[in-house]
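Descriptive analysis of the structure
Letter by letter, the chains look like this.
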Amino acid sequence: MESRLIRFWLLAFGFWLLVISCEQPREHIASAIHERDSVSMMTTYGVNTLISDSGVIKYRIVTERWDVNTIKQPTRWTFERGIFLEQFDKNFHIEGYIYADTAWYYDQLKLWELRGRVRIRNVNGLVFRSEELFWDGIKHEFYSYKFSRVVTPERELEGTYFRSDEHMRHYQVTNSVGSFQSSDMEPEPEEPAKDQKNNKDAADTAKQEKPVRPAAVRHKATTK
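The rules behind these values
- Residue indices follow the written sequence of each chain, beginning from 1 at its first position.
- For this predicted model, a pLDDT threshold of at least 70 governs which residues receive local features, and a threshold of 80 or more governs which side-chain atom pairs are given and counted, while totals over whole chains, interfaces and linings are taken from all residues.
- Excluded from the side-chain calculation are hydrogens and water; included are all heavy atoms of the structure.
- To qualify as a nonpolar core, a set must consist of buried Ala, Val, Leu, Ile, Met, Phe, Trp, Tyr and Cys residues joined through side-chain atoms within 4.5 Å.
- A 1.4 Å probe rolled over the protein chains alone gives each residue an accessible area, and that area as a share of the maximum for its type sets the label: buried under 20%, exposed over 50%, partly exposed in between.
- What counts as a helix is a DSSP run of H or I of at least four residues, what counts as a strand is a run of E of at least two, and both are numbered from the N terminus.
- Between two residues, a contact is recorded if the distance between any of their heavy atoms is within 4.5 Å.
- A pair of aromatic rings is counted whenever rings of Phe, Tyr or Trp (Trp by its six-membered ring) have centres within 6.5 Å, and the orientation is called stacked for planes under 30 degrees apart, edge-to-face for over 60 and tilted otherwise.
- Of the grid points, spaced at 1 Å and generated over the protein atoms alone, those admitting a 1.4 Å probe that cannot get out make up cavities, while open sets with protein on both sides within 12 Å along at least five of seven lines make up pockets; any residue with an atom within 4 Å of a point is treated as lining.
- Grid points are joined across faces, edges and corners, and a volume is the space filled by probe spheres set on the points.
- Residue type decides the class: Asp, Glu, Lys and Arg count as charged, Ala, Val, Leu, Ile, Met, Phe, Trp, Tyr, Cys and Pro as nonpolar, and the leftover types, Gly among them, as polar.

Considerations on the nonpolar core
Residues Trp112 and Phe128 are the most contacted members of the largest nonpolar core, which totals 28 residues. Residue assignment for this core shows that the elements contributing at least two residues are strand S1 (42-53), strand S2 (56-69), strand S3 (76-79), strand S4 (83-88), strand S5 (94-100), strand S6 (102-106), strand S7 (111-122) and strand S8 (127-136). Ignoring any residue separated from it by four or fewer positions in sequence, one finds Phe128 in contact with Val118, Arg119, Ile120, Leu133, Ser148, Arg149, Val150, Phe162 and Met168.

A short note on the packing of aromatic side chains
This model, assessed by the stated rule, comprises 15 aromatic pairs. Ring geometry for Trp77 and Tyr105: centres 4.8 Å apart, planes at 50°, overall tilted. With Trp77 in strand S3 and Tyr105 in strand S6, the pair connects residues that are 28 residues apart, well separated along the chain. In this pair, the class of Trp77 matches that of Tyr105, namely buried. Plain terms: the ring middles of Trp112 and Trp135 are 6.5 Å apart, the flat faces sit at 25° to each other, and that makes the pair stacked. Separated by 23 residues along the polypeptide, Trp112 in strand S7 and Trp135 in strand S8 bring together distant segments of the chain.

Quick look at empty space enclosed by the protein
If you walk through the whole model with that rule in mind, you get two cavities of 30 Å³ or more. The computed volume of the largest cavity comes to approximately 120 Å³. If you go around the largest cavity, you meet 15 residues; those closest to its centre are Gln87, Glu95, Asn122, Glu166 and His167. Looking at the lining of the largest cavity, the elements with two or more residues in it are S5 and S7. Counting residues per element, the lining of the largest cavity draws most heavily on S5, which supplies four residues. The residue makeup of the lining of the largest cavity, split by class, is six nonpolar, five polar and four charged.

Here's what the structure looks like:
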């Protein structure tokens, strides 16, 4: 009886081992670190290229790395290692340049987002500095909600809000402080007022015509 029980348990244990050995091995795969839409579809290194708009060359882009993502919404160009951008007029003359440590261009929105050390200089000598700048290609304007500094040959302005046309010719800075040349603040010298001159002449005349009291005459008494 005992031998039969031992044989039964041995058969059961052998069957259990057979079932375990027949199972398919399972691979332990971790989830992806990055989602698919965060991966760039194209990456280019050492870029120096011209960008045209409606058949007219408008910009030159110089960057160490250029990533293009057409999956993520909105689609975008990413410049994680800085960007230098020159802007041209219709005669291919340089109107100014833009530099930033990091930049994104949302091509569907025609919107640039510049971060880090943002620098702009235009043909009129204006220099813009900030840590943030947006460039709206539809409205053709720049704007920033961070501390910005504008330096021109005539003045310096600083403020926490900046807005300008894309040529940096008409701009406004709010919540600002600034310094100006003394010639901008001091009024021009004015000629002496005629009434003051007339009053002075009248005073001189009155002084000359003022009657003088005759001096008292002392009589010396004589004794005969």
